[in-house]
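Given next are the chains, with one letter for each unit.
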Amino acid sequence: VELTKTQRRFYRAVLTKNYEVLRGTGPQGKSNNSLLNVVMQLRKVCNHPFLMESAEIEAEEALAGKECAVSRQRQLVEASGKLSLLHKLLEKLRAGGHR
């Protein structure tokens with residue numbers, strides 16, 4: 001399964017320690033710049049880019065004017081290569097009559 005554009009961008013940012021891309025504000029408004037365990041951060045990006053706080057903030061800003069649950073769900077699926085593949089497989093299984 002290939003990485004999506006968002007995943008590739010954050011993967012590259014983690015490897016190069018590009019704090020400009022990775023900078024996200026935490027719950028208390030603090031900057032979340034810790035990359036002590038690079039391998040763990042790369043794993044998070046590969047699973048889903050929204051595990052990186054700055055990616056989720058970008059996604060929320062992109063949907064600021066749209067309060068549609070369908071577009072939010074579509075964005076969650078399309079952001080991850082693994083979820084995109086799973087979504088396609090589930091559609092085929094449902095079409096084939098599987099439960």
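Residues numbered from 1 in each chain as written. Predicted model: local features only at pLDDT ≥ 70, side-chain atom pairs only at ≥ 80, totals over all residues. Heavy atoms only, no water.

Some details on the overall build of the protein chain
Condition: The helix count covers DSSP runs of H or I at least four residues long, the strand count covers runs of E at least two residues long, and both are numbered beginning at the N terminus. Buried, partly exposed and exposed residues are distinguished by accessible area as a fraction of the type maximum, computed with a 1.4 Å probe on protein chains only: under 20%, between the cut-offs, and over 50%, respectively. Working rule for contacts: check all heavy atoms of both residues, and any pair within 4.5 Å makes them a contact. The protein chains shown are the only cover counted for residues, whose accessible areas, like all others here, come from Shrake-Rupley with a 1.4 Å probe.
On a plain count of helices and strands, the protein chain comes out with six helices and zero strands. Taken across its 99 residues, the protein chain has 27% of its residues classed as buried. The contacts in the protein chain between residues at least 6 apart in sequence include a share of 55% that link residues at least 24 apart. Total accessible area on the protein chain stands at roughly 7,300 Å², and carbon and sulfur atoms take up 54% of it.

Side note on the side chain of S80
Note on placement: S80 falls in the loop between helix 5 (69-78) and helix 6 (81-95). Assessed through its relative accessible area of 0%, S80 is described here as buried.

Focus: helix 1 (residues 5-15)
Formally: Along the arc lie the directions from the helix axis toward the C-beta atoms.
Burial in helix 1 covers these residues: Q7, F10, A13 and V14. Angular distribution of buried residues about the axis of helix 1 spans 130°; they occupy a single face of the element. Along helix 1, exposed side chains directed more than 90 degrees from the buried face belong to K5, R12 and L15. Two residues or fewer after helix 1 comes K17, characterised by a positive phi angle close to 55°.

Here's the deal with the environment of Q7
Along the polypeptide, Q7 turns up in helix 1. In this structure Q7 comes out as buried when scored by relative accessible area, which is 1%. It is 7.3 Å that separates the C-alpha atoms of Q7 and H48, two residues lying 41 residues apart in sequence. Each residue touching Q7, except ones within four places of it in the same chain, is listed here: E2, V45, C46, N47, H48, P49, A79, S80 and G81.

Observations regarding the confidence of the model for the protein chain
Regions with low pLDDT carry predicted coordinates that are not meant to be interpreted in detail. In plain terms, the rule: For every residue, the predictor reports its confidence as pLDDT, a number between 0 and 100.
Taken residue by residue, the protein chain gives an average pLDDT of 75. The fraction at 70 or more is 80%. Looking across the protein chain, the model is least confident in helix 2 (residues 19-22), with a mean pLDDT of 70, and most confident in helix 6, with 90. Confidence over residues 25-33 falls short of pLDDT 50; this stretch has 13 contacts with residues more than four positions distant or in other chains.

Some remarks on helix 4 (residues 53-62)
Inspection of helix 4 places S54, A55 and A59 among the buried residues, and these make up the whole buried set. One side of helix 4 holds all its buried residues, which, seen down the axis, span an arc of 140°.

Some points on the packing of helix 1 against helix 3 (residues 38-47)
A pair of packed helices is characterised by two quantities: the angle between their axes and the separation of those axes. Our working definition: Note on geometry: axes are C-alpha line fits, over the in-contact stretch for helices, and angles between N-to-C directions span 0 to 180 degrees. Working definition: roughly parallel below 35 degrees, roughly antiparallel above 145 degrees, roughly perpendicular at 65 to 115 degrees, and oblique for all remaining angles. Polar here means any residue other than Ala, Val, Leu, Ile, Met, Phe, Trp, Tyr, Cys and Pro, which are nonpolar, and Asp, Glu, Lys and Arg, which are charged; Gly is therefore polar.
Running from N to C, helix 1 and helix 3 point in directions that differ by 175°, and their axes come no closer than 9 Å. Our classification of the angle between helix 1 and helix 3 gives roughly antiparallel. On helix 3, the residues that touch Q7, F10, Y11, V14 and L15 of helix 1 are V38, Q41, L42, V45, C46 and N47. Tallied by class, the residues present in the contact of helix 1 with helix 3 amount to eight nonpolar, three polar and no charged.

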